[in-house]
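# Reading the structure
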Amino acid sequence: MSKLLFILFEHAAGYSLFSVKEFDEVATLLPQVESSVTDISKFQSVVKLNAFQAFRNGPNSLDNINAIAAGELHPDLQSFLEKEVPKSKKKVQVILGVGDAKIGAAISDTLGLSCQHTGVVVELMRGIRQHFSSFIKALTETSAGKAQLGLGHSYSRDKVKFNVNRVDNMIIQSISLLDQLDKDINTFSMRIREWYSYHFPELVKIVNDNYMYARLANLIGDRTKLTSDMEEAIEEIVMDSAKVKAIFDASKSSMGFDIGAIDLISIQTFCRRVISLTEYRKSLAEYLTSKMSSVAPNLAALIGEQVGARLISHAGSLTNLAKYPASTVQILGAEKALFRALKTRGNTPKYGLIFHSTFIGRAGPKNKGRISRYLANKCSIASRIDNFSDIPTSVIGEHLKQQVEDRLKFYETGETPAKNLDVMRQAVSEADNAKGEALKAQKKLAKREKKRKLAEMNGDPNATLDTTNGEMEVDSEQPERKKKKKKKDKGDLDQSVATSEGDVTMEETTSDKKSKKKKKEAEEEGQENEIENGDDSVVKKKKKKEKEADEAANETSGMDTSLNVTTEEADASAKKSKKKKKKSQM
């Protein structure tokens, strides 16, 4: 039975299918094939291009390469192979050479083709990869390089997924840095203790805290120069008057030898570095707490920020941790002990990273395994809620923590805890309320931002976003609407009435529009008259004028629809205005 070998080659530009001439002879002459790969003329005598199918666009090429990387058969590749690869016959066996065993298995399962990925196929694909541009005339080396570069960038971008809402990568990096800082600070603190103890060895027994010891070493420096002026500064660091007295007594009768100025400067410089590292470690712990409260609040409320961050870091991401069952979460971090126990047929570990939580330490020796299993169950629930919830809240995590506390009491005193169904119903109702409040707060913030943007677009730098201002604006607009309605009602009268009242209405409209300016002018004139005459009577006259003007306005607004009343009021207002003008001239 003869054999036909076809080579499937995946390129950034598309799929290509090559046929190998005299496969039986080529397979036996593998060293000659390896030597002829570099020579294009010899290689073309062995391999021939049968078909080429280009990708439609960039997203299509990315879908195909993702399917190949996952070992799946893409519909485009399936249709290409069904169309171009002939089927095996009784006397002819068709073999398809592929570059990966996974894609070969998928092709053989779906299409029933026999695939091969070892032996001479590897060398033939190496030659095809090297001389691919010479087989396809329309594809040059530069265009092939651009296609490969673009597909490589898009494939890497698709693999490195960055979710803004679930920034668990920041948690993984911060907890790793926190653990490294703890190790480094402990090492450096031991170096400071050993180094400064040559000069002041008694200080080690008085002060046990590393951060406090570094600050004291930086402050004291030369113990022979320690004076009472430094007592307040030392007490601020130590926070204990007895220790301050012990430090002063020990400095007077210390067994350490004198140290040079240059050596003391180097010790104090190193102390300052350790102090800065310790302060940075505190800020990093606060940053981790804030990140955990936004990414995994339920897990942080249940087991703590640092232990929850270590679980996420060990799992790789919050999604991976949510996929783990409770039995895996229980021993997460104790893989070596687990496999050693399986190998030696010993007892498997009861807990891993969750041992650092406070619950297992508070449980009795007999109940440590029980409480660790129960805690792992609650941790898996909390991680799944954090991973799949749109608006994360810590309400359910707090209820889960209370359940673990109740279970601890049950193991110690026998007090029966509340049922899980009742607790979860209460937790879900409270979580819904918390989500509703969070949504309301988000809507309020969005409205404020919109108002601020509108104010900036209008060019109002002093515009505020308070709701009280908005209410005042609405209230100020209401009387203007009422006046318009009254004017419309008055417009329904006869034309004779309108002509007789024309002067009055015009005066009212102009006075309404420019009332502020008139008041200001009246106040300024009153001030000038007071300065010139110095009489209080002018102020009283002005007050009377303002009262009379208000009364006239009220009378005109509430006047009847009859013609006689309107004409009389118009004449009266005209006479009063003339009298006022004469008095002001006097």
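Here goes a summary of the coordinates provided. (Residues numbered from 1 in each chain as written. Predicted model: local features only at pLDDT ≥ 70, side-chain atom pairs only at ≥ 80, totals over all residues. Heavy atoms only, no water.)

### What about the packing of helix H10 (residues 168-196) against helix H12 (residues 210-220)?
Helices that pack against each other are described as a pair by the angle of their axes relative to one another and the distance between those axes. At a minimum axis distance of 10 Å, the contact between H10 and H12 shows a crossing angle of 40°. If you check the angle between H10 and H12, you find them oblique. By crossing handedness, the relation of H10 to H12 is classed as left-handed. Contact residues: H10 offers Asn 186, Ser 189, Ile 192, Arg 193 and Tyr 196, while H12 offers Asn 210, Tyr 213, Ala 214, Ala 217 and Ile 220. Here the residues of the contact of H10 with H12 are counted per class, giving six nonpolar, three polar and one charged. (Axes fitted to C-alpha atoms, helices over the stretch in contact; angles between N-to-C directions. Helix = DSSP H or I, 4+ residues; strand = E, 2+ residues; numbered from the N terminus. Parallel < 35°, antiparallel > 145°, perpendicular 65-115°, else oblique. Left-handed = near helix turned anticlockwise from the far one by under 90°. Contact = heavy atoms within 4.5 Å. Nonpolar A, V, L, I, M, F, W, Y, C, P; charged D, E, K, R; others polar.)

### Some remarks on the sheet that holds strand E3 (residues 47-54)
With respect to topology, five strands assemble into an open sheet ordered E3-E2-E1-E4-E5, the strand pairing being mixed. Both outer strands of the open sheet, E3 and strand E5 (114-116), are each paired with one neighbouring strand and no more. On average, each strand axis in the sheet is tilted by 30° relative to the strand beside it, whichever way the strands run. Relative to strand E2 (residues 14-20), strand E1 (residues 2-10) is paired through six bridges, and the arrangement is antiparallel. Its bridge partner lying in E2, Leu 8 is registered against Leu 17. (Pairing = 2+ DSSP bridges.)

### Observations regarding the side chain of His 131
Relative to the helices and strands, His 131 is located in the loop between helix H7 (120-130) and helix H8 (132-135). On the basis of relative accessibility, which here comes to 10%, the residue His 131 falls in the buried class. Aside from chain neighbours lying at most four places away, what touches His 131 is Val 37, Thr 38, Asp 39, Ile 40 and Phe 43. (Buried < 20%, exposed > 50% of the residue type's maximum accessible area, 1.4 Å probe, protein only.)

### Observations regarding helix H14 (residues 241-252)
Taking 1.5 Å of rise per residue, the twelve residues of H14 would be expected to cover 16 Å, and the 17 Å separating its terminal C-alpha atoms lies within 8% of that figure. Residues of H14 that are buried include every one of Val 244, Ile 247, Phe 248, Ala 250 and Ser 251, and no others. Summarising the axial view, the buried residues of H14 lie within an arc of 165°, below the 170-degree limit, and thus occupy one face. Along H14, exposed side chains directed more than 90 degrees from the buried face belong to Ala 242, Lys 245 and Lys 252. (Expected span 1.5 Å × (residues − 1). Arc of directions from axis to C-beta.)

### Brief notes about a positive patch on the surface
Side chains of Lys 440, Lys 443, Lys 444, Lys 447, Arg 448, Lys 450 and Lys 451 sit close together on the surface and give a patch of like positive charge. Along the chain, the position of Lys 451 falls in helix H24 (residues 420-458). (Patch = residues over 30% accessible without salt bridge, like charges linked within 9 Å, V, L, I, M, F, W, Y side chains within 5 Å. Areas by Shrake-Rupley, 256 points an atom, 1.4 Å probe, with all protein chains shown as cover. Salt bridge = Lys/Arg side-chain N within 4 Å of Asp/Glu carboxyl O. Lys, Arg positive; Asp, Glu negative; His and termini not counted. Charge placed at Lys NZ, Arg CZ, Asp CG, Glu CD.)

### Here we look at the nonpolar core
Ranked by size, the top nonpolar core spans 43 residues in total, and within it Met 292, Leu 299, Ile 303, Ile 312, Leu 321 and Leu 375 carry the most contacts. When residues no more than four places from it in sequence are discounted, the contact partners of Leu 321 are Leu 299, Leu 311, Ile 312, Ala 315, Val 329, Leu 332 and Ser 383. Listed in part, the 28 residues of the second largest apolar core include Ile 192, Ala 217, Ile 267 and Ile 275. (Core = buried A, V, L, I, M, F, W, Y, C linked by side-chain atoms within 4.5 Å.)

### As for a nonpolar patch on the surface
A cluster of nonpolar side chains, contributed by Trp 195, Tyr 198 and Phe 257, occupies part of the molecular surface with about 330 Å² of accessible area. You can see Trp 195 is positioned in helix H10. The exposure class assigned to Trp 195 is partly exposed, which follows from its relative accessible area of 32%.

### Considering the pattern of salt bridges
Applying the stated rule across the entire model yields seven salt bridges. Note that Asp 179 and Arg 310 form a salt bridge whose closest N and O atoms lie 2.6 Å from each other. Taken together, the positions of Asp 179 in helix H10 and Arg 310 in helix H17 (residues 305-315) put the pair 131 residues apart, joining distant regions of the chain. For Arg 310, a relative accessible area of 22% corresponds to the partly exposed category. In this structure, the salt-bridge partner of Glu 456 is Arg 452, at a minimum N-O distance of 3.1 Å. In this pair, Glu 456 and Arg 452 are both assigned in helix H24, four residues apart and thus about one turn of the helix distant. On the basis of relative accessibility, which here comes to 55%, the residue Glu 456 falls in the exposed class.

The values are spatial; any link to function lies outside them.
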